[in-house]
Amino acid sequence: MGIAVQIRHNGGPEVLELVQVAVGEPGPGQVRIRHHAVGLNFIDVYQRSGLYSLPMPLSLGMEGAGVVEAVGEGVQHLGVGDRVAYASNPPGSYSEVRVMPAMCVCRLPDAIAFETAAAMMLKGLTAQYLLKKCIPVEGLAPGDAVLFHAAAGGVGLIACQWARAMGLQLIATAGSDEKCALALANGAAHAINYRSENFAERVQEITGGQGVKVVYDSVGKDTWEGSLACLRRFGLMVSFGNASGPVAPFAPAVLAAKSLYVTRQTLFSHITSREATQAMADDLFAVVESGAVKIHIDQRYPLAEVRQAHLDLEARRTTGSTILLP
Ligand code: NDP
């Protein structure tokens, strides 16, 4: 038995409930993990609210770190007692202990603490594929300008630092002057408060009218049009979230003036095999161990205060990563 956070129907943070769940032995290809720390992600909000629809009752949480307690048949890469971390689909990390597919679980280097790992797996693997795999047709080279929205958030602060390490000129947007300062302190070359300034105009000024090669847009509805306006010819729009609401349907003809590319990405298309997941995780572990990317855990809550954690994330009160402690 263990405590877990579940919802029985979609709604606001009030639908999040602590329940006792039976946790059995892992089946073939599964492991049982006792969590030391759990990551909070904006996708948890979409699943709770119903923007992303999943069967009920639903255990939430896609990111965690802890120790392997039991290993199912056929699992080769993990053993009892291993320190591990993961970004997982299906959800269920908001829990003391869970059984889950071993495929997406990685052994943790000794130098990376559980809390750090829980704060960086889903967000860091996302920054990894955004910067390394979503490449514009002309390629990405040091000195290239890219625009990254919500840059002071969990994914955002990792992306700022990683982009700097790659030599990119990352233009950040964020929702307050304090958040802009945080993005700049973490490697952004420029920062725009998109609640007080027209970010599309500012990007044109900063790039001398050229525009950027890539826009990374997780804000969605509120930024979509401005983001397209920021791109240079043959630029790439990477849509990967909807914090302000989903993007409205659009006509492909709007891309014609600059022959733009658009992609809607999700991490879970990238981590479909053990090898792919491990390769991406190794890249993330290396950049964190090198010190080039530091993981900012700016909020910690006991698991029992998960409702407050959701309230704060949705109200844009958080920066960097948030963890829940079982
Ligand atoms: P963040 O910590 O970045 O929190 C979301 C941020 O979005 C807020 O802090 C806020 O920053 C900004 N925002 C802009 N408009 C709104 C709004 N109307 N309501 C709430 N927030 C708003 O979250 P995560 O790091 O967990 O995730 C960042 C984004 O990336 C999310 O949209 C998430 O869904 C997406 N994502 C997508 C993945 C994928 O593979 N497709 C994987 C991981 C994350 P500010 O105040 O600065 O505007």
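Calculation notes
Residues numbered from 1 in each chain as written. Predicted model: local features only at pLDDT ≥ 70, side-chain atom pairs only at ≥ 80, totals over all residues. Heavy atoms only, no water. Salt bridge = Lys/Arg side-chain N within 4 Å of Asp/Glu carboxyl O. Helix = DSSP H or I, 4+ residues; strand = E, 2+ residues; numbered from the N terminus. Buried < 20%, exposed > 50% of the residue type's maximum accessible area, 1.4 Å probe, protein only. Domains from an automatic or database assignment. Contact = heavy atoms within 4.5 Å. Buried area = accessible area lost by both parts, 1.4 Å probe. Polar contact = N/O pair within 3.5 Å; in protein donor to acceptor, adjacent residues only side chain to side chain. Nonpolar A, V, L, I, M, F, W, Y, C, P; charged D, E, K, R; others polar.

In the nomenclature of an unreviewed UniProt entry, the protein corresponds to Quinone oxidoreductase from the organism Delftia lacustris.

Tell me about the pattern of salt bridges, residues and numbers included.
Using the criterion set out here, one finds 15 salt bridges in the structure. When the shortest N-O distance is used, the salt bridge between Lys132 and Asp283 registers 2.8 Å. Taken as a pair, Lys132 in helix H3 (residues 121–132) and Asp283 in helix H9 (residues 274–289) lie far apart in primary sequence, 151 residues in all. According to the relative accessible area criterion, Asp283 is partly exposed, its value standing at 22%. Here Asp222 makes a salt bridge to Lys221, at a shortest N to O gap of 3.2 Å. Using a relative accessible area of 52% as the deciding quantity, one classes Asp222 as exposed. Bridged by salt links that share partners, the residues Glu25, Arg32, Arg34 and Glu69 form one connected network.

Kindly report on the domain arrangement of the protein, identifying the contributing residues and their values.
One frequently used descriptor of interface size is the decrease in accessible area upon assembly of the parts. For the protein, the assigned domains are domain 1 (1–121 + 267–322) and domain 2 (134–263). On a C-alpha basis, the centroid separation for the pair domain 1 and domain 2 is 27 Å. Each partner contributes to the interface: domain 1 provides 19 residues, whereas domain 2 provides 19 residues. Interface area, domain 1 with domain 2, both sides summed: about 1500 Å², of which 59% is carbon and sulfur. The largest contributions to the domain 1 side of the interface with domain 2 come from Val293, His296 and Arg316, which together make up 32% of the buried area. Scanning the region where domain 1 abuts domain 2 turns up zero salt bridges. Joining domain 1 to domain 2, the criterion identifies eight residue pairs in polar contact (both at pLDDT 80 or more). Residue assignment for the side of domain 1 that touches domain 2 shows that the elements contributing at least two residues are helix H1 (42–49) and H9. Element by element, the count of residues in the side of domain 1 that touches domain 2 is highest for H9, at three residues. Across the side of domain 1 that touches domain 2, the residue classes tally to ten nonpolar, five polar and four charged.

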